[in-house]
Amino acid sequence: MKHSMVLVALFVVPGLWGAATLGSALTASTEIVCPGENVHEDGEEHPGPMRPGDTGCAVLDGNTSVGTRTYEQQRRVQSLERRHDARNGALVLAYGVTGGLLVWRGRHPRSDRD
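Source: prediction; values computed, not measured. Position labels on residues start from 1 in each chain and follow its written sequence. This being a predicted model, a pLDDT of at least 70 is required before a residue's local features are given, and a value of 80 or more before pairs of side-chain atoms are given or counted; all residues contribute to the totals for chains, interfaces and linings. As a rule here, side-chain values come from all non-hydrogen atoms in the structure, and water together with hydrogens is ignored.

Draft legend 1. Region of the structure containing the environment of Leu60. For Leu60, the position within the fold is in strand 2 (residues 56–61). Residues Leu60 and Gly36 lie 24 residues apart in sequence; the distance between their C-alpha atoms is 5.2 Å. In what follows, a contact means two residues having at least one pair of non-hydrogen atoms within 4.5 Å. Excluding residues within four positions of it along the chain, Leu60 makes contact with Gly36, Glu37, Ser65 and Val66. Here a helix means four or more residues in a row that DSSP labels H or I, a strand means two or more in a row labelled E, and each is numbered from the N terminus.

As structure tokens, this is what we get:
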């Protein structure tokens with residue numbers, strides 16, 4: 001009994017995590033947001049989401065600049081991150097559901113009635 005509850009927890013917790021990750025990826029905003037300093041086409045920094053005319057986005061790691069991206073590059077990076085999150089969430093959800101069903105099936109064997 002205790003072993004089956006541990007098995008259920010080993011599948012249910014990742015399944016819930018996968019569902020949350022998948023849901024987050026599918027409902028993510030389509031706004032293009034610079035993870036650092038956003039420079040407008042006039043050379044001035046401005047807050048808020050990037051716009052198609054923005055010339056650069058300084059990508060920061062803490063306080064250190066690790067590179068720059070254009071609007072299109074940042075749009076592709078965010079799209080790729082959403083796809084990766086959706087794929088990983090779907091895989092973890094499938095793991096949780098499959099494992100949970102196998103544990104349930106093992107605890108409730110089907111009787112042969114011919």
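Now that the structure is up, let's keep going.
Draft legend 2. Broad picture of the state of the cysteines. The criterion for a disulfide is a pair of cysteine sulfur atoms lying within 2.5 Å. Here the structure, examined in full by the defined rule, presents one disulfide. The partner cysteine of Cys34 in its disulfide is Cys57, sulfur to sulfur 1.9 Å. Because the sign of the S-S torsion sets the handedness, a value of about 90° for the bond joining Cys34 and Cys57 places this disulfide among the right-handed ones. Placement of the pair is Cys34 in the loop between helix 1 (2–26) and strand 1 (37–39) and Cys57 in strand 2, with a sequence separation of 23 residues. Of the two residues examined, Cys34 and Cys57, each falls in the buried class. Throughout, exposure labels follow a simple rule: accessible area from a 1.4 Å probe, protein chains only, divided by the maximum for the residue type, with under 20% read as buried, over 50% as exposed, and the rest as partly exposed.

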